[in-house]
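These are the residues of each chain, in order.
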Amino acid sequence: MKNPYLKMGTGIYMSYLLLGMVNIILASNMGFLTEQMHVDRTDISLLISVIGIGHLLTVNISGKLSDRYGRKPLILVAAVLYVVFLVGMPLTNSFSIAIGLAFIAGTCNSLLDSGSYPALNEAFPKRAGSATVLIKAFVSIGAILLPMMIALFIAKGLFFGYAFFVPAALFLGVAFIVLKSAFPKNKEDEYDHYLVDYSAVKVQFSIKPKFMKEGAALILFGFTSISLSMIVQTWMPTYAIEVLGYGEIEAVSLISFFSAGGLLSVILLTVFLNRWIKPVTAMIIYPFMAAVFLVLFLTNSTQGLTAFLIFFLGLFMSGIFQLAMTVMVELFPENKGTSVAYVSAAASVAFMVIPYGTGLLREYVNITSVFVFDFALALVSILLATYIFIKYKKIKVVH
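Sequence positions are assigned chain by chain, starting from 1 and proceeding in written order. Totals for whole chains, interfaces and linings use every residue, but because this is a predicted model, local features are given only for residues with pLDDT of at least 70 and side-chain atom pairs only at 80 or more, for both listing and counting. Side-chain calculation: all heavy atoms of the structure are included, whereas hydrogens and water are not.

- Where an unreviewed UniProt entry is consulted, the chain appears under the name Inner membrane transport protein ydiN, with the organism given as Solibacillus isronensis B3W22.
- UniProt positions are given in the numbering used here, feature names are shortened, and annotations may be inferred rather than shown by experiment. A UniProt comment under Sequence similarities (unreviewed entry) is attached to the chain, and it reads "Belongs to the major facilitator superfamily."
- One UniProt comment on the chain, placed under Subcellular location (unreviewed entry), says "Cell membrane".

What follows is the structure, given as structure tokens:
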């Protein structure tokens, strides 16, 4: 029987493709926005931080709203508010209004996460791991498409705001798709009438998971997993220039290898999760391999191997956060939206503190120390994942 939630899945994945654009849209248009608002580039960086602040301050509330009112309303509101952000930002010349719009974008991120992750888990319970990890693939695709779009508009001499307006129009389409889609009920044993029997996928525990232990470990893992890839994406070009002797254009292009590895990672996880490997097992393997390739990267002194090593860093650093989301929902199914919100909040904290903290490392120590710190985070991730794995086995999750 055809799954009645395929249209819902389409709307959610399209949302995350567009989110991949939103995540880099301010940084990618920094020069245009500084001229538009008559501010400095540092001020535009502040707008990016405000998005993270908005996400952090609203994620807990959105999680509770998701569990109380359902997933669909949150995703709809997020899509509509993203339109407000995307249309308003290139048209305003007021920095104060831009701060408000950035906060709205952070709120949208909270609403989208709190509605989408639980909805996918409930709609595709037998492939929940693959369904949630696939989100990362669409975010990566969006991040690849936006620079191409911006380059096209620049070549044609068009207003930079079109790079905002196109995603805005697509978000309206997403809202229409979601509005017309069937969603599972968000309460236990109240699945949508389209699917009759879900008895085979109910979760049972021999020992009830403790949120202050397993949940806290997953939240911390969410922080470290996001930080791993953020550090590489932020500081890779600088490291390549200062340590490996790359030119600026070649150094920036190395991020493409990281993104390519990330896309392959998501494809592999989508295929193999729950068929040959459980998400809780992959949570150990991925940071372990990331640590291995970080050591190889730090000991590499030639340009020849750099792209190869960065590809594998992307392969083993991408999708880890979605694994944490999947296991969190699996261990705490009674309040999926709230559980996801806590992990998402950890990611927001990472987005705010990691760029600043690693910037201090680079300024007062050196750029190599930033990647040594990334290696330390990989080790912490391995320890957290091992703890979660041991507890998971004792809890004996049964579907």
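1. Thoughts on the side chain of serine 116
Part 1 of the reasoning: Helix numbers and strand numbers start at the N terminus; a helix is a DSSP run of H or I with at least 4 residues, a strand a run of E with at least 2. If you trace the backbone, serine 116 turns up in helix H5 (residues 95-123).
Part 2 of the reasoning: In this description, contact between two residues means that some pair of their heavy atoms is separated by no more than 4.5 Å. Beyond its immediate stretch of four places on either side in the chain, serine 116 contacts Ile12, Tyr16 and Ile75.

2. Brief notes about the packing of helix H1 (residues 6-28) against H5
Part 1 of the reasoning: Between H1 and H5, the shortest axis-to-axis distance is 11 Å and the interhelical angle comes to 145 degrees. Handedness of the H1/H5 crossing: left-handed. Mapping the contact onto sequence places Met8, Gly9, Ile12, Tyr13, Ser15, Tyr16, Leu19 and Asn23 in H1 and Asn109, Leu112, Asp113, Ser116, Tyr117, Ala119, Leu120 and Ala123 in H5.
Part 2 of the reasoning: Here the residues of the contact of H1 with H5 sort into 10 nonpolar, five polar and one charged. Axis angles are defined between N-to-C directions and span 0 to 180 degrees, where every axis is a line fitted to C-alpha atoms and, for a helix, only to the segment in contact. It is the rotation of the near helix from the far one that decides the hand of a crossing: anticlockwise by less than a right angle makes it left-handed, clockwise makes it right-handed. Here the term charged refers only to Asp, Glu, Lys and Arg, the term nonpolar to Ala, Val, Leu, Ile, Met, Phe, Trp, Tyr, Cys and Pro, and the term polar to all other amino acids, Gly among them.

3. As for the nonpolar core
Part 1 of the reasoning: In this structure, Met8, Leu26, Phe85, Met89, Met236 and Phe371 are the most contacted members of the largest nonpolar core, which totals 124 residues.
Part 2 of the reasoning: Domain ranges listed in this record stem from an automatic or a database domain assignment. Composition of this core by domain shows at least three residues from each of domain 1 (1-189) and domain 2 (196-398).
Part 3 of the reasoning: Discounting chain neighbours no more than four positions away, the residues touching phenylalanine 371 are Val232, Trp235, Met236, Tyr239, Leu294, Phe297 and Leu298. Each nonpolar core is a collection of buried residues, namely Ala, Val, Leu, Ile, Met, Phe, Trp, Tyr and Cys, held together in the definition by side-chain atoms within 4.5 Å. Think of it in three bands: with a 1.4 Å probe and only protein chains considered, a residue is buried below 20% of the maximum accessible area for its type, exposed above 50%, and partly exposed in between.

4. Structural notes on the environment of isoleucine 285
Part 1 of the reasoning: As for its position among the elements, isoleucine 285 is in helix H10 (residues 279-299).
Part 2 of the reasoning: The exposure class of isoleucine 285 is partly exposed, given its relative accessible area of 37%.
Part 3 of the reasoning: Between the C-alpha atom of isoleucine 285 and that of threonine 386, which follows or precedes it by 101 residues, the distance is 9.8 Å.

5. Some words on the pattern of salt bridges
Part 1 of the reasoning: By salt bridge we mean one thing: a side-chain nitrogen of Lys or Arg within 4 Å of a carboxyl oxygen of Asp or Glu. Using the criterion set out here, one finds three salt bridges in the structure.
Part 2 of the reasoning: The salt bridge partner of arginine 71 is aspartate 67, with a shortest N-O separation of 3.0 Å.
Part 3 of the reasoning: Notably, a salt bridge pairs arginine 362 with glutamate 242, separated by 2.2 Å at the nearest N-O pair. One end of the pair, arginine 362, is in helix H13 (residues 336-364); the other, glutamate 242, is in helix H8 (residues 211-242), and 120 residues separate them in sequence.
Part 4 of the reasoning: Taking the relative accessible area as the measure of exposure, arginine 362 reaches 33% and is therefore partly exposed.
Part 5 of the reasoning: Exposure remark for glutamate 242: the relative accessible area of 43% places this residue in the partly exposed category.
Part 6 of the reasoning: Here the salt bridges share partners, and the residues they tie into one network are Asp67, Arg71 and Glu122.

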